[in-house]
Amino acid sequence: MRLLIAFVFCFSTLVGTSTAKEFNITDYGATAGDETDDSTAIENALAACGEAGGGTVFIPAGTFFLSRRNNESPILEVPPNTTLRGEGAASILKFNPDVNQSNFWRMIGAPVVGGTKNVVIRDLHLDGSNTHPKYIKGETPEHNAGLWFYNKNHMIENVTVLNVFAENFSGDCMAFSYNCQGITVRDCTLRNFIRQGIQMGGSPGSRDYTVTGCRDLEASVQSSGSTIHVEHARGLKNVIIENNQCRKSILAGGVDGMVIRGNTVTGRIVGNGNTNLVIHSNIVTAVSKKHAVVQLGYTKGLIFRGNIIHGANDTTVGLYLWGNSRYNKQPGEDLIISDNQISGTETAISLNGTKDVRIHGNTLKAANLLRQKRTEGLDSDIEQATAIKQE
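Notes on the structure follow. Remember, predicted model here, so these are calculated numbers, not experimental data.

### Section: the overall build of the chain
So, step 1. When helices and strands are counted, the chain shows two helices and 35 strands.
So, step 2. Its C-alpha atoms give the chain a radius of gyration of 23 Å, within 12% of the compact-globule value 21 Å for 391 residues.
So, step 3. Its C-alpha atoms give the chain principal-axis dimensions of about 70 × 65 × 35 Å.
So, step 4. In the chain, which comprises 391 residues, the proportion classed as buried is 51%.
So, step 5. Counting contacts in the chain only where the partners sit at least 6 residues apart, residues at least 24 apart contribute 65% of the total.
So, step 6. Element-wise, carbon and sulfur atoms account for 49% of the exposed surface of the chain, whose accessible area totals about 17,500 Å².
So, step 7. The average position of the 36 basic charges and that of the 37 acidic charges among the side chains of the chain differ by 7 Å.

See below:
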C-alpha cells in the first residue's frame, strides 16, 4: 500500500510538472532588437499565465524595452505560481532611456491588487538604463529599481530570485519590503547602482530572507549606498546574509534573528538595533575612511566569532560596540567576541555603553587592544585595556 501511494504521488507530480504552461512573450507581440516598447506584450503574457493558474513566462534572448505605467506600481506584475525565466544574460529587460528624466520606475514586482506567492525570477539581465554618474539631491531619480516587491495591503510569499544580473539603476537593483515572507536571492550579480545593490525592509510579520552567493562588479558610477542593505525593518525576523562578495559595505539593522556569515566585504559591516545577531567567519577589509570597520549599536545578543577584520591605514578602530545614548537607552548587551583577528591603527576593540561583554581568544593588532567606556560586566582575557574616562 505504501509503495502504491508513493507511485501515485510521483506520477501526479510528474503530470503536474509536464502540464505546466509556458508563455513566450514573443507570442504576445514582444520583439527583440528594436526600439519599440514591449511593456504591454509582456504584461499580456503575465496576465495569461495568471489566468491559467500559473506557469512559466519565457523571455528569449534579445533586448526588450519597458516604460513606466502607473505612478509607483511595478511595470511587470508577477502573478502567483509564476516563473519568469530567460536564457541568462542574453535575455535583457531594459528601461526606456526616458527613465533618466522621471522617478518611480519599478521594473518587476508583485501585483498591487492581491499580492503574490510562489514566484521564481531567474536567468535574466535587468538593465535600468541609468546615465546619472552619482546621487545629486533633486536631480537623480533615486526611486527607480529593478526588482521591487512591496505591498502594504497584501502578502508577498515565497519569492526566489536566481542567477539574475541587475545593473544601471539609479535606485536599488533589488528591493524587498512591506509584507514580504520567504525571500531568497541566490547567485545574482549587481553593477552600477546609485543607492543599494540589494535592499531589504519589512513590516510586522515579515520574515525569512536569505541573500547568498551574490556579488557586485566594479562600478563606473559613484554609489551612495551599500551592496546589501537592511533598513526600515519594522519587525523583520530571520535574515541570513551569507557567502556574498561585496565591493561595498553590508549595512543591516533592526532585525530580530540575523546571521551574517562567510562574506567577503571591502568596506564595513554596520548595524543598529539588532537582537540575536550572529556575525561569523567574514573577511572585512576597510577602505580609506576614518570609521570603525565594524560598528554595531544597541545590539541585544551578539556572537561575533571567527572574523578577520582589516583596518586601513587611517581606520582608527577595528570593532566598535556601543549603546545607551540619549536617543536610545538600550545598551549593547550580552555580547560575545571570540576567536577573531582584528586590527586598527588606534584601537582593536572599543566599547561604549555596553553591558555583559565577554572577550576571549582574539588576535588583536593596534596601539590599544581594548578601550572601554560606560561598560558593565566585562569578562576579558586582554591584558592591555584602557578605560576611557567619563566625559
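### Let's talk about unusual backbone geometry
So, step 1. For Arg234, which is not glycine, the phi torsion reads 50° and is therefore positive.
So, step 2. Inspection of the secondary structure assignment puts Arg234 in the loop between β17 (228-230) and β18 (237-242).
So, step 3. At Asn324, a residue that is not glycine, the phi angle is positive and equals roughly 55°.
So, step 4. Structurally, Asn324 can be placed in the loop between β29 (317-322) and β30 (332-338).

### A closer look at the state of the cysteines
So, step 1. For the structure on display, the rule yields zero disulfides.
So, step 2. In this structure Cys49 is not part of a disulfide, and its nearest cysteine sulfur, from Cys180, lies 19 Å away.
So, step 3. Take Cys49: its relative accessible area is 0%, and that puts it in the buried class.
So, step 4. Cysteine Cys180 is unpaired, with the sulfur of Cys188 as its nearest cysteine sulfur at 15 Å.
So, step 5. On the basis of relative accessibility, which here comes to 0%, the residue Cys180 falls in the buried class.

### Examining the pattern of salt bridges
So, step 1. Tallied over the entire structure, the rule returns seven salt bridges.
So, step 2. A salt bridge links Glu22 to Arg85, with the shortest nitrogen-to-oxygen separation between them at 3.1 Å. Here Glu22 is found in strand β1 (residues 22-24), whereas its partner Arg85 is found in strand β5 (residues 82-85), with 63 residues between them in sequence.
So, step 3. One salt bridge connects Glu167 with Arg191, and the closest N-O pair in it is separated by 2.7 Å. Residue Glu167 is located in strand β10 (residues 156-169), and its partner Arg191 is located in strand β13 (residues 189-193); the two are separated by 24 residues in the primary sequence.
So, step 4. Overall, Arg191 belongs to the partly exposed group, its relative accessible area being 25%.

### Looking at the packing of aromatic side chains
So, step 1. Taken as a whole and assessed by the stated rule, the structure comprises seven aromatic pairs.
So, step 2. Geometrically, the ring pair formed by Phe149 and Phe176 is stacked, given 5.9 Å between the ring centres and 15° between the ring planes. Separated by 27 residues along the polypeptide, Phe149 in strand β9 (residues 145-149) and Phe176 in strand β11 (residues 172-176) bring together distant segments of the chain.
So, step 3. Here the aromatic residues Phe95, Trp105 and Phe169 are joined through ring pairs into a cluster of three or more.
So, step 4. Here the basic side chain of Arg106 rests over the ring of Trp148, its NZ or CZ set 3.8 Å away from the ring centre.

### Quick notes on the side chain of Asp172
So, step 1. Within the secondary structure layout, Asp172 lies in strand β11.
So, step 2. For Asp172, the side chain forms a polar contact with the main-chain nitrogen of Gln196, separated by 3.1 Å.
So, step 3. Beyond its immediate sequence surroundings of up to four residues, Asp172 is in contact with Asn144, Ala145, Gly146, Arg195, Gln196, Gly197 and Gln199.

### Brief notes about the environment of Asp187
So, step 1. Structurally, Asp187 is set in the loop between β12 (180-186) and β13.
So, step 2. The sequence separation of Asp187 and Glu142 amounts to 45 residues, and the corresponding C-alpha distance is 25 Å.
So, step 3. Contacts of Asp187, omitting those with residues within four sequence positions, involve Leu162, Asn163, Val164, Thr212, Gly213 and Cys214.

Cut-offs used in this document
Residues numbered from 1 in each chain as written. Predicted model: local features only at pLDDT ≥ 70, side-chain atom pairs only at ≥ 80, totals over all residues. Heavy atoms only, no water. Helix = DSSP H or I, 4+ residues; strand = E, 2+ residues; numbered from the N terminus. Rg over C-alpha atoms; globule rule 2.2 N^0.38 Å. Buried < 20%, exposed > 50% of the residue type's maximum accessible area, 1.4 Å probe, protein only. Contact = heavy atoms within 4.5 Å. Areas by Shrake-Rupley, 256 points an atom, 1.4 Å probe, with all protein chains shown as cover. Lys, Arg positive; Asp, Glu negative; His and termini not counted. Charge placed at Lys NZ, Arg CZ, Asp CG, Glu CD. Disulfide = S-S within 2.5 Å. Salt bridge = Lys/Arg side-chain N within 4 Å of Asp/Glu carboxyl O. Phe/Tyr/Trp six-rings, centres within 6.5 Å; stacked < 30°, edge-to-face > 60°. Lys NZ or Arg CZ within 6 Å of the ring centre and 35° of its normal. Polar contact = N/O pair within 3.5 Å; in protein donor to acceptor, adjacent residues only side chain to side chain.

Just distances and angles here, no functional claims.
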